[in-house]
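Commentary on secondary and tertiary structure
If you want the building blocks of each chain, they are given just below.
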Amino acid sequence: MKYCNPVIRGFNPDPSVCRVGNDYYLVTSTFEYYPGIPIYHSTDLINWEHISNAVTRPSQLPLVEAEASGGIWAPTIRFNDGMFYITATFSSRGNFIISASDPRGEWSDAIWTDMDGIDPSIIFDNGKMYYCANDCGSRSKLYKTEGISLAEMNPETGKVIGEIKRIWDGTGEGWLESPHIYHIDDWYYILAAEGGTGIKHIEVAARSHSIWGPYEACPYNPILTNRNDITKQAACAGHADLVETPDGGWYMTHLATRPYVSGGTPLGRETFLTPVTWCNGWPVAAENKMARIENNADINAEQTGNAGFECDFKTGEWEPQWLFVRDRDEKYIKRENGLLTLYPSSAKITDTRGVPSMAAVRQVDFVCEIETELDFIPCENGDEAGAAVYLSPKNIYRIAKKRDNGVNYIITEKRAGDFIQEIYREEVTDGRIRFKINADKEKYKFFYSVNDGEFIYAGDASAKFMTTDIADRCFTGTVTGVYTQSEKSTSAKTLVYRYTAGIEG
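Before going into details, it helps to say that this report is about the structure given with it.

Thresholds, definitions, all that
- Residues numbered from 1 in each chain as written.
- Predicted model: local features only at pLDDT ≥ 70, side-chain atom pairs only at ≥ 80, totals over all residues.
- Heavy atoms only, no water.
- Helix = DSSP H or I, 4+ residues; strand = E, 2+ residues; numbered from the N terminus.
- Rg over C-alpha atoms; globule rule 2.2 N^0.38 Å.
- Buried < 20%, exposed > 50% of the residue type's maximum accessible area, 1.4 Å probe, protein only.
- Contact = heavy atoms within 4.5 Å.
- Lys, Arg positive; Asp, Glu negative; His and termini not counted.
- Charge placed at Lys NZ, Arg CZ, Asp CG, Glu CD.
- Core = buried A, V, L, I, M, F, W, Y, C linked by side-chain atoms within 4.5 Å.
- Polar contact = N/O pair within 3.5 Å; in protein donor to acceptor, adjacent residues only side chain to side chain.
- Salt bridge = Lys/Arg side-chain N within 4 Å of Asp/Glu carboxyl O.
- Patch = residues over 30% accessible without salt bridge, like charges linked within 9 Å, V, L, I, M, F, W, Y side chains within 5 Å.
- Areas by Shrake-Rupley, 256 points an atom, 1.4 Å probe, with all protein chains shown as cover.

It is worth spelling out the overall build of the protein at this point. Within the protein, the secondary structure is distributed over one helix and 39 strands. The C-alpha atoms of the protein give 23 Å as radius of gyration, which agrees with the globular expectation for 505 residues (23 Å, within 12%). Projected onto the principal axes, the alpha-carbon positions of the protein cover approximately 75 × 45 × 40 Å. Burial status across the protein gives 61% buried among its 505 residues. A separation threshold of at least 6 residues defines the contact pool for the protein, and within that pool the share at least 24 residues apart is 56%. Put simply, the protein has 50 plus and 70 minus side-chain charges, and the middle of one group is 4 Å from the middle of the other.

Okay, here's the thing in structure tokens:
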């Protein structure tokens, strides 16, 4: 049967997957966003449900320290003896491990490991846990060049048992990252990414009869890449994780992009699934070693597609799709009585530090419509509330109701790096406001309506300034949401009645 990539749409990079019986669990990077590390579940590899998040308490990780595109990098998920384990890098602290018996439940506080490096991974083998990571080249105390190091580790303490040993130097393409080790038959295989996470991204493999090496490089390397793909339907493929189905089929989950604006995309790196074939004992991506949008697979399931996201706040529980910058401060963001109530915090959405009053979800398709309905009660000049397309503090499009000189206005603003432009301003009466953003492959178009009146056009902005390849090396992707902010301390309040996002147009 055929299925289409990406299997998890929108900003979901660095996927790692494990199978437990007939169930698959997958995690991706969330960087500075809270809650951290989404947990996706599937029974067929092509239909995924966002069931929970692993980092749901400030006590687990200090996300308030994270800068834009900092925070949580490259998680790996594994299962052993009734427990799930996730390890990842926290950019300002090092590597950590969290665990849970139920991936839908609460995960433990972080255990900080003895082993440095980035993109760590775990393998349980013969009753032991081994830990590997990119040992960071010039930042390593042991080596002058980058490579992959391995150590036995206690999963309960993060303490290294014995020595840390360099086991492979890669193929020489540079940016050797995201190593995973697998014990398959008589071989230990390493899969790792090289070439950087952009258009030169590749996945490579090596193997050894001993987990400690020496490892020989795969003669078919790279085993996955789209750097020479002239169709340009997918790009940047790499950072893969192998998984075997119950009937012996093999696949890899990996990141890739769907480029469209000058080769870039505002959606960020997404989760793809690619069939794997074995060539003389080596795992190689099928379909000419490239990621494809449309694939053939031996999967007995129908892909259901994307239905988007809707929320009317009638329950007090947060859906797992919601994202907040660094934290969700209950003093400023409250969900109660069928409303989302936002109060301006001390941070604005353009600030590189602090916790702004914004609630957002991932933009999951190029062509979509985002709509929210709210009441805004401003008190001071500079108070504002509205809807935003947010990539980073320097790359934001927003439409809002704002109070200036005692008058309420609808304003639309474009912010791209050091370029800031207000493209719409119109005085508006009090009342309930509906904001709508229509996105396509070229532009974001902004509209508003007051007291259920007709929508009024409020300007547009090019999608190309939201592409991750030009936004100061941004590792995330666009999110869309509601926010409020002010120039100084205020008692302004925003009441949000409903929010929809990601509906395919």
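From this point, the narrative continues.
A word on the nonpolar core. Core analysis: the biggest nonpolar cluster contains 68 residues, and Ile72, Ile86, Phe96, Trp322, Leu340, Tyr444 and Tyr499 have the highest contact counts within it. Membership of the second largest hydrophobic core comes to 23 residues, among which are Ala205, Ala237, Val276 and Val284.

Turning our eyes to something else, we now look at unusual backbone geometry. The phi torsion of most residues other than glycine is negative, and most of the peptide bonds are trans. With an omega of -5°, the peptide bond running from asparagine 5 to proline 6 counts as cis. Mapped onto the elements of the fold, proline 6 is located in the loop between β1 (2–4) and β2 (16–20). At the junction of asparagine 221 and proline 222, the peptide bond is cis and its omega measures out at -5° in the coordinates. Along the chain, proline 222 turns up in the loop between β18 (216–217) and β19 (224–225). One non-glycine residue, asparagine 451, lies in the positive phi region at around 50°. Relative to the elements of secondary structure, asparagine 451 occurs in the loop between β36 (443–450) and β37 (456–462). By relative accessible area, which is 46% here, asparagine 451 ends up partly exposed.

Let us now look at the environment of glycine 264. Structurally, glycine 264 is set in the loop between β21 (250–257) and β22 (270–279). With relative accessibility at 3%, the residue glycine 264 sits in the buried group. Distance in space between the C-alpha atoms of glycine 264 and methionine 466 is 8.9 Å, their sequence separation being 202 residues.

Among the structural elements, asparagine 295 can be located in strand β24 (residues 294–296). Side-chain polar atoms of asparagine 295 contact the backbone oxygen of arginine 292, separated by 2.9 Å.

This part covers the pattern of salt bridges. By the definition in use, this model includes 32 salt bridges. Among the ionic pairs, aspartate 241 bridges to arginine 78, the shortest N-O distance being 3.0 Å. Linking aspartate 241 in strand β20 (residues 235–244) with arginine 78 in strand β7 (residues 72–80), this pair joins segments that are 163 residues apart in sequence. An identical accessibility class is assigned to aspartate 241 and arginine 78; each is buried. A salt bridge links aspartate 329 to lysine 331; the nearest nitrogen and oxygen atoms lie 3.0 Å apart. Take lysine 331: its relative accessible area is 54%, and that puts it in the exposed class. What you see here is one network of salt bridges that share partners, running through Glu371, Glu373, Arg432, Arg434 and Arg498.

This paragraph deals with a negative patch on the surface. A cluster of acidic residues, Asp185, Asp186, Glu244, Asp247 and Asp298, forms a negative patch at the surface. Inspection of the secondary structure puts glutamate 244 in strand β20.

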